[in-house]
Every structure is written in structure tokens, then in C-alpha cells.
Amino acid sequence: FAGLNPPARERPTMCWDPVRQRVVMFGGSDNFAFLNDTWEWDGSFWNQRTPANAPSPRYGCSMTFDPYRGRIVLFGGLGSGGLLADTWEWDGSNWSQRVTSQAPPARAFHGGYFDTVLQRVMVFGGDDFSGSRNDWWGLGYWTNAWGGFAANTMPSPRSQFGCWFDASRQRP
């Protein structure tokens, strides 16, 4: 359907998939309800995907591409039941929940990126019901567990920000 566009929304999450050469957009809110639709932008057209499984409707989650698994990893967000702490993967045709032995505390509006040095999907900051956070968590590819990380100097608590990994300087 040429000309089909995603409905207007706020706070969806988007991620570049370098393997499939497209941007993936998930969820958001249309001011009346949380959404859980999946759209892809191929550089010319939007295509709505209809996977058999999908994360629950939400906004304020993070997505980042994991080059070791060749999948986009989604974490957390805010849904109709409150803050979320679940992990999902998009393989280009379907969502699957990744059950881990541990997870960061539930949060929304956090940042996510892939750290090529630590070889982990990382989550930083965001909001919970007590305010903004400044904790770091990494999802181990081999251990299938989230673990907390500490740095010599931690950024101040924050939410609703962008982040990425600077490969040339080998740090976020």
C-alpha cells in the first residue's frame, strides 16, 4: 500500500536495523491509548508489520540493535498496568519475549544502546515512580541475564534523552 503511514503518535521507540536496512518503530500513544503496533521504514515507504506476537502496548521504552543476535532488543516502558521491566526481541518478522534470570527495575523514558566493548545491550537512567534514575544495566549475550554496572563517575539522574555508543572512543 503505497502512501500508508503510521497514525500520529507520541513517544514511540525507533531503531535502525543494519542487517535488514530499515528503521523499526514500535508503540507509542495516540493520546487515548497505548499502542503496540510495529512499523518499518525502508527509506521510501512505511510498512505495517503484523507479527503473531508483540509486546504489550506501551510508550517510553528503549530499542537497540544487538549485532551478536542480529535482533532488535526492546526493554521496559510504560503501559496501562504501569511501568514495565520486560525484554523483547524483533527478528524482522516476529517479536519474542526474552526471559532473563534477572532484569533492571521497571522504568520508562530511559536510554538504550549496544556497547561493543562490553558486548552487551545497555540501559541507562529513565523514570520510575520515585523519580529519575542514574543506574546502568547490561544484558549479557552469553549469560542471558541483566547485571548492574558502576562507573567511576556516574551521570546525574535523567530521563527522556538520547544515547548511543561511540565506537571510536569506546564509550557511551
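Whatever comes next refers back to the structure up there.
So, here is what we can say about the structure in this document.

### Observations regarding the side chain of arginine 9
Then, in step 1: By the element assignment, arginine 9 lies in the segment before β1 (13-17).
Then, in step 2: A polar atom in the side chain of arginine 9 sits 2.8 Å from the backbone oxygen of glycine 27.
Then, in step 3: Within the structure, the side chain of arginine 9 is placed 2.7 Å from the side chain of aspartate 37, a separation counted as a polar contact.
Then, in step 4: Ignoring anything within four residues of it in the chain, the contact list for arginine 9 reads Met25, Gly27, Ser29, Leu35, Asp37 and Trp39.

### Some words on the environment of tryptophan 136
Then, in step 1: By the secondary structure assignment, tryptophan 136 is in strand β13 (residues 136-140).
Then, in step 2: Separated by 12 residues in the primary sequence, tryptophan 136 and phenylalanine 124 place their C-alpha atoms 4.6 Å from one another.
Then, in step 3: Side-chain polar atoms of tryptophan 136 contact the side chain of tyrosine 113, separated by 2.9 Å.

### A look at the packing of aromatic side chains
Then, in step 1: Tallied over the full model, the rule gives eight aromatic pairs.
Then, in step 2: Pairing phenylalanine 26 with tryptophan 95 gives two aromatic rings, centres 5.3 Å apart and planes at 65 degrees, and the pair type is edge-to-face. Here the residue phenylalanine 26 occupies a position in strand β2 (residues 22-29), and tryptophan 95 occupies one in strand β8 (residues 95-97), the gap between them amounting to 69 residues. Both residues of the pair, phenylalanine 26 and tryptophan 95, count as buried.
Then, in step 3: Where phenylalanine 34 meets tyrosine 59, the ring centres are 5.2 Å apart and the plane angle is 65 degrees; that geometry is what we call edge-to-face. Here phenylalanine 34 is found in strand β3 (residues 34-41), whereas its partner tyrosine 59 is found in the loop between β4 (46-49) and β5 (62-66), with 25 residues between them in sequence.
Then, in step 4: Given the relative accessible area of 12%, tyrosine 59 is considered buried.
Then, in step 5: Taken together, the ring pairs in this structure connect Phe26, Trp90 and Trp95 into an aromatic cluster.

### Section: the pattern of salt bridges
Working definition: two side chains of opposite charge can pair if their charged atoms are close together.
Then, in step 1: The final tally for this structure, using the stated rule, is 12 salt bridges.
Then, in step 2: Between glutamate 40 and arginine 22 there is a salt bridge, with the nearest N and O atoms lying 3.8 Å from each other. Of this pair, glutamate 40 sits in strand β3 while arginine 22 sits in strand β2, and the two are 18 residues apart along the sequence.
Then, in step 3: Residue glutamate 40 is classed as buried on the basis of its relative accessible area of 1%.
Then, in step 4: Residue arginine 22 is classed as partly exposed on the basis of its relative accessible area, which comes to 21%.

### Quick notes on the pairing of strand β7 (residues 82-90)
Look at any regular strand and the pattern is simple: side chains alternate between the two faces of the sheet.
Then, in step 1: A large share of β7 lies buried, amounting to seven of its nine residues.
Then, in step 2: Hairpin connection of strand β6 (residues 71-79) to β7: two residues between the antiparallel strands.
Then, in step 3: In this sheet, β8 lies alongside β7 in antiparallel orientation, the contact comprising three bridges. Of the residues in β8, the one forming a bridge with tryptophan 88 is glutamine 97.

### Notes on the side chain of threonine 100
Then, in step 1: Mapping threonine 100 onto the fold places it in the loop between β8 and β9 (111-115).
Then, in step 2: Reaching out from threonine 100, the side chain makes a polar contact with the backbone oxygen of glutamine 102 at a distance of 2.7 Å.
Then, in step 3: Aside from chain neighbours lying at most four places away, what touches threonine 100 is Leu139, Asn144, Ala145 and Trp146.

Each value, and the rule that gives it
- Residues numbered from 1 in each chain as written.
- Predicted model: local features only at pLDDT ≥ 70, side-chain atom pairs only at ≥ 80, totals over all residues.
- Heavy atoms only, no water.
- Helix = DSSP H or I, 4+ residues; strand = E, 2+ residues; numbered from the N terminus.
- Polar contact = N/O pair within 3.5 Å; in protein donor to acceptor, adjacent residues only side chain to side chain.
- Contact = heavy atoms within 4.5 Å.
- Phe/Tyr/Trp six-rings, centres within 6.5 Å; stacked < 30°, edge-to-face > 60°.
- Buried < 20%, exposed > 50% of the residue type's maximum accessible area, 1.4 Å probe, protein only.
- Salt bridge = Lys/Arg side-chain N within 4 Å of Asp/Glu carboxyl O.
- Pairing = 2+ DSSP bridges.

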